[in-house]
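Spelled out from the first residue to the last, the chains are:
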Amino acid sequence: MAEPAQTLDGWYSLHDFRAMDWTSWKMLPSEERAAAIAEYRRFLDKLNTTQAAKEGSHALYTIVGQKADFMMMILRPTMEELNELENEFNKLKIAEFTIPTFSYVSVVELGNYMPTEGDPYENPYVQERIYPILPKAKHVCFYPMDKRRQGNDNWYMLPMEDRRAMMKSHGMIGRQYAGKVKQIITGSVGFDDYEWGVTLFADDVLQFKKLVYEMRFDEVSARYGEFGAFYVGNLLEEDGIEKFLHV
Ligand code: VOV
């Protein structure tokens, strides 16, 4: 049996994609719409308080294309907290006008392909990576992915040294995008339908295409990567919520 990679696991993650039911939303009297927006903003204020205390993080993006209208990504120390927040959102007035289109449950993960010194959970670099405060980047890109397990191309049958060498090459490509793209890799084996969620943040949306394309030529993606649906979106600042929901 090949040696499994050890993972360092941080905050639990929920990506929640919603479409808006604009027709019903438009039919709501304007004062009720305003009250629903105010209630949603109070919910976001609560998330902001948690984030300021570094007890979790969240991000809000509009989604381009028909797969969804917006996405909330929420990070919390426990799965229970994620579930509570999901239910809390679903009980808000605004949720009555949203249609869930996709969700993804995972946990922020760092592998041991690039070893660190000492107790990794005490390492400030590791802590920053597995308990990340999500950046206010202008754009987000999310997709789930697997490593292939087919015939001769079975990632999980490869010796550790081979996988480590390939992950090193992967990391070298990624490093060229330092300062342009921030990646958060969340592990979802046992939690959701793919093995990882890839969430990328960038101010220049074109960098997603350049990075993902370049990685397609790298062995670990070219030979072993299998991908789910891609979502791309634009930052929804809290003071932009009213404009987004204006009808
Ligand atoms: C922004 C760039 C960037 C950088 C710097 C980067 C670096 C690294 C390093 C150093 C490591 C290994 C250690 C660890 O942290 O686990 C990883 C790990 C991983 N990556 Fe990555 N990755 C990037 C970016 C990046 C992208 C764009 C993708 C999607 C692949 C594609 O083709 O679309 C990806 C995937 C992953 C995955 C699924 C894992 C876990 C694989 C496993 O088998 O465990 N990743 N990644």
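Residues numbered from 1 in each chain as written. Predicted model: local features only at pLDDT ≥ 70, side-chain atom pairs only at ≥ 80, totals over all residues. Heavy atoms only, no water.

Per an unreviewed UniProt entry, the recorded name for the chain is Coproheme decarboxylase, and the organism is Rossellomorea oryzaecorticis. UniProt, in its Function (unreviewed entry) section for the chain, records the words "Involved in coproporphyrin-dependent heme b biosynthesis. Catalyzes the decarboxylation of Fe-coproporphyrin III (coproheme) to heme b (protoheme IX), the last step of the pathway. The reaction occurs in a stepwise manner with a three-propionate intermediate." Annotation of the chain in UniProt includes, under Sequence similarities (unreviewed entry), the sentence "Belongs to the ChdC family. Type 1 subfamily." (UniProt positions renumbered as here; feature names shortened; annotations may be inferred.)

Scanning the chain for helices and strands turns up eight helices and eleven strands. Its C-alpha radius of gyration of 19 Å places the chain within 12% of the 18 Å reference for a compact globule of 247 residues. Seen through its principal axes, the chain has C-alpha atoms that stretch 65 × 35 × 30 Å. Here the chain holds 247 residues, and 45% of them are scored as buried. Taking the intrachain contacts of the chain between residues at least 6 apart in sequence as the baseline, contacts between residues at least 24 apart amount to 78%. Separation between the mean location of the 28 positive side-chain charges and that of the 38 negative ones in the chain comes to 6 Å. (Helix = DSSP H or I, 4+ residues; strand = E, 2+ residues; numbered from the N terminus. Rg over C-alpha atoms; globule rule 2.2 N^0.38 Å. Buried < 20%, exposed > 50% of the residue type's maximum accessible area, 1.4 Å probe, protein only. Contact = heavy atoms within 4.5 Å. Lys, Arg positive; Asp, Glu negative; His and termini not counted. Charge placed at Lys NZ, Arg CZ, Asp CG, Glu CD.)

With that out of the way, let us pick up the pattern of salt bridges. In this structure the tally under the stated criterion is eight salt bridges. A salt bridge links Arg223 to Glu219, with the nearest nitrogen and oxygen atoms 3.1 Å apart. Given a relative accessible area of 37%, Arg223 falls into the partly exposed group. Among the ionic contacts, a cluster of salt bridges with common partners joins Asp153, Glu219 and Arg223. (Salt bridge = Lys/Arg side-chain N within 4 Å of Asp/Glu carboxyl O.)

Glancing now at a nonpolar patch on the surface. Taken together, the side chains of Val64, Val205, Leu206 and Val232 present a nonpolar region at the surface, about 300 Å² in accessible area. Relative to the assigned elements, Val64 resides in the loop between β2 (57–63) and β3 (70–76). (Patch = residues over 30% accessible without salt bridge, like charges linked within 9 Å, V, L, I, M, F, W, Y side chains within 5 Å. Areas by Shrake-Rupley, 256 points an atom, 1.4 Å probe, with all protein chains shown as cover.)

As a further point, take the nonpolar core. Membership of the largest hydrophobic core comes to 25 residues, with the highest contact counts inside it found for Trp25, Tyr40 and Phe89. At the level of secondary structure, the elements contributing two or more residues to this core comprise β1 (7–20), α2 (30–52), β3, α3 (79–91) and α8 (241–245). Membership of the second largest hydrophobic core comes to 23 residues, among which are Trp11, Leu75, Val126 and Ile130. (Core = buried A, V, L, I, M, F, W, Y, C linked by side-chain atoms within 4.5 Å.)

Here we come to the packing of α2 against α3. One can describe the packing of α2 onto α3 by two numbers: an axis separation of 10 Å at closest approach and a directional angle of 165°. Overall, the two elements α2 and α3 adopt an arrangement that is roughly antiparallel. You can see that α2 and α3 cross each other, and the crossing is right-handed. Touching Tyr40, Phe43, Lys46 and Leu47 of α2 are Leu85, Glu88 and Phe89, all from α3. Residues of the contact of α2 with α3, tallied by class, amount to five nonpolar, no polar and two charged. (Axes fitted to C-alpha atoms, helices over the stretch in contact; angles between N-to-C directions. Parallel < 35°, antiparallel > 145°, perpendicular 65-115°, else oblique. Left-handed = near helix turned anticlockwise from the far one by under 90°. Nonpolar A, V, L, I, M, F, W, Y, C, P; charged D, E, K, R; others polar.)

This brings us to the site of the ligand. Around the ligand, 23 residues are found, and the nearest of them are Gly111, Tyr143, Lys147, His170 and Ser221. For the ligand, an oxygen atom lies 2.7 Å from a polar atom in the backbone of Gly111. A distance of 3.5 Å separates a nitrogen atom of the ligand from a polar side-chain atom of Gln183. Those elements giving two or more residues to the shell around the ligand turn out to be β4 (98–111), β5 (139–147), α5 (160–175), β8 (181–187), β9 (196–202) and α6 (206–216). With five residues, α5 is the largest single contributor of residues to the shell around the ligand. Within the shell around the ligand, the residues separate by chemical class into 15 nonpolar, six polar and two charged. (Near = heavy atom within 4 Å. Polar contact = N/O pair within 3.5 Å; in protein donor to acceptor, adjacent residues only side chain to side chain.)

All right, on to α6 then. Where α6 is concerned, the buried positions are Gln207, Phe208, Leu211, Val212 and Met215. When α6 is viewed along its axis, its buried side chains cluster within an angular range of 120° and face the same direction. In α6, those exposed residues whose orientation departs by more than 90 degrees from the buried face are Lys209 and Tyr213. Against the buried residues of α6 lie β5, α5, β8, β9, α7 (219–222) and β11 (231–235). (Arc of directions from axis to C-beta.)

The next point concerns the UniProt feature "binding site: Fe-coproporphyrin III" (unreviewed entry) in the chain. The sites that carry the UniProt feature "binding site: Fe-coproporphyrin III" (unreviewed entry) are, in the present numbering, Arg129, Tyr143, Pro144, Met145, Asp146, Lys147, His170, Gln183 and Ser221. Inspection of the secondary structure assignment puts Met145 in strand β5. In this view, Met145 contacts Tyr194, Glu195, Trp196, Val198, Gly225, Glu226 and Phe227; residues no more than four positions away in its chain are not counted. As for its position among the elements, Lys147 is in strand β5. Aside from chain neighbours lying at most four places away, what touches Lys147 is Trp155, Tyr156, Met167, Glu195, Trp196, Val220 and Tyr224.

Attention now goes to the UniProt feature "active site" (unreviewed entry) in the chain. UniProt annotation of "active site" (unreviewed entry) refers to Tyr143 when read in the numbering used here. When you line up the elements, Tyr143 lands in strand β5. Contacts of Tyr143, omitting those with residues within four sequence positions, involve Trp196, Gly197, Val198, Leu200, Val212, Phe227, Ala229 and Phe230.

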